[in-house]
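Secondary and tertiary structure notes
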Amino acid sequence: MSYTTICLPFNVDGEEARGLLGTAWLFKIASHRMLSFAKQFPVLPATDIGWKNTFRKTIYEIIPNRRYTDGVIVLVRGIYESCRQLRVNFREVELGDWLMFQQVEKEYPVRNITLKQRCEFRISTVDFNGNSERIVIKPSIPKSYKFLLDRILEEKQKHTARVVIKDYGIRKSKLWIHGEIQLTIPLNFYHKYMIKYRR
């Protein structure tokens, strides 16, 4: 099955920004740790279950949220599989300069980055002490995507989600973030409803 990703921009500050940025940094630290750890294995597991059984406990100690932990594992496994296909030395690969976190299980509702009515998202964040909190983000939604998001809710369409931090800084003594919520949905679902919207 083919998929497409829709990007929904947002701007937040204060406590919401702190929660998102902290979670993104933990996800990045966990990804670096796992990549370093995986490079030490002479042979890596051949299955998703094998990767999760091998790495989940170590990664969960850094970002204590099972869905985000699995997001790290899928990210690093994806790098490994790409290296194998391209015949690149996996042990020489480094991570890029990004800040994001993701849930990779296709489900409805997505538990950690949950689409709600009125195009709001309830997002699970994790701080550096391992404490979890749910925050509400309302991204900017083009009219065409509002129609699509309503159909996701109505039809309980399974999807995956990630939060990407595009920029951050301090304004008026407050932390601010510009970012995107990215939803990955089946391409046929996207075409079905975007064609209807454009009629």
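Use the structure listed above.
Everything in this summary refers to the structure shown in the same document.

Conventions and cut-offs
Residues numbered from 1 in each chain as written. Predicted model: local features only at pLDDT ≥ 70, side-chain atom pairs only at ≥ 80, totals over all residues. Heavy atoms only, no water. Pairing = 2+ DSSP bridges. Helix = DSSP H or I, 4+ residues; strand = E, 2+ residues; numbered from the N terminus. Axes fitted to C-alpha atoms, helices over the stretch in contact; angles between N-to-C directions. Salt bridge = Lys/Arg side-chain N within 4 Å of Asp/Glu carboxyl O. Buried < 20%, exposed > 50% of the residue type's maximum accessible area, 1.4 Å probe, protein only. Patch = residues over 30% accessible without salt bridge, like charges linked within 9 Å, V, L, I, M, F, W, Y side chains within 5 Å. Areas by Shrake-Rupley, 256 points an atom, 1.4 Å probe, with all protein chains shown as cover. Lys, Arg positive; Asp, Glu negative; His and termini not counted. Charge placed at Lys NZ, Arg CZ, Asp CG, Glu CD. Bend = angle between axes of the 7 residues up to and from the residue. Contact = heavy atoms within 4.5 Å. Phe/Tyr/Trp six-rings, centres within 6.5 Å; stacked < 30°, edge-to-face > 60°. Lys NZ or Arg CZ within 6 Å of the ring centre and 35° of its normal.

**Topic: the sheet that holds strand β7 (residues 174-186)**
The strands making up a sheet associate through hydrogen bonds between their backbones, and the pairing can be parallel or antiparallel. One open sheet holds the 4 strands; their spatial order is β1-β7-β6-β2, and the pairing between them is antiparallel. Because the sheet does not close on itself, it has two edges, and the strands there are β1 (3-13) and β2 (100-107). Adjacent strand axes in the sheet meet at a mean angle of 15 degrees when their direction is disregarded. Relative to strand β6 (residues 159-171), β2 runs antiparallel, the two being bridged by 5 bridges.

**Quick word on the pattern of salt bridges**
On inspection of all chains with the given rule, the structure shows 13 salt bridges. A salt bridge links aspartate 48 to arginine 77, with the nearest nitrogen and oxygen atoms 2.2 Å apart. Of this pair, aspartate 48 sits in helix α2 (residues 48-60) while arginine 77 sits in helix α3 (residues 66-86); the two residues are 29 residues apart in sequence, bridging distant segments of the chain. The class of aspartate 48 is partly exposed, set by a relative accessible area of 48%. You can call arginine 77 buried: its relative accessible area is 15%. Shared partners join several salt bridges into a network, and the residues in it are Arg56, Arg66, Arg67, Asp70, Glu105 and Glu107.

**Quick look at a positive patch on the surface**
A grouping of Lys116, Arg118, Arg122, Arg134 and Lys138 is seen on the molecular surface, where their side chains present a positively charged patch. Inspection of the secondary structure puts arginine 118 in the loop between β3 (113-115) and β4 (121-126).

**A few points about α2**
When the local axis directions of α2 are compared, the greatest deviation, roughly 40 degrees, occurs at threonine 54. Along α2, the residues classified as buried are Gly50, Trp51, Phe55 and Ile59. Here the buried face of α2 lies against α1 (14-39) and α3.

**Focus: the packing of aromatic side chains**
Under the counting rule described, the total for this entry stands at 10 aromatic pairs. An angle of 80 degrees between the planes, with centres 5.3 Å apart, marks the rings of phenylalanine 37 and phenylalanine 41 as edge-to-face. Using a relative accessible area of 26% as the deciding quantity, one classes phenylalanine 37 as partly exposed. Site record: aromatic cluster; members linked through ring pairs are Phe37, Phe41, Trp51, Phe55, Tyr80 and Phe90. Its guanidinium or amino end placed over the ring of phenylalanine 147, arginine 151 lies 4.7 Å from that ring's centre, counting from NZ or CZ. We note arginine 171 situated over the ring of tryptophan 176; from NZ or CZ to the ring centre the distance is 4.0 Å.

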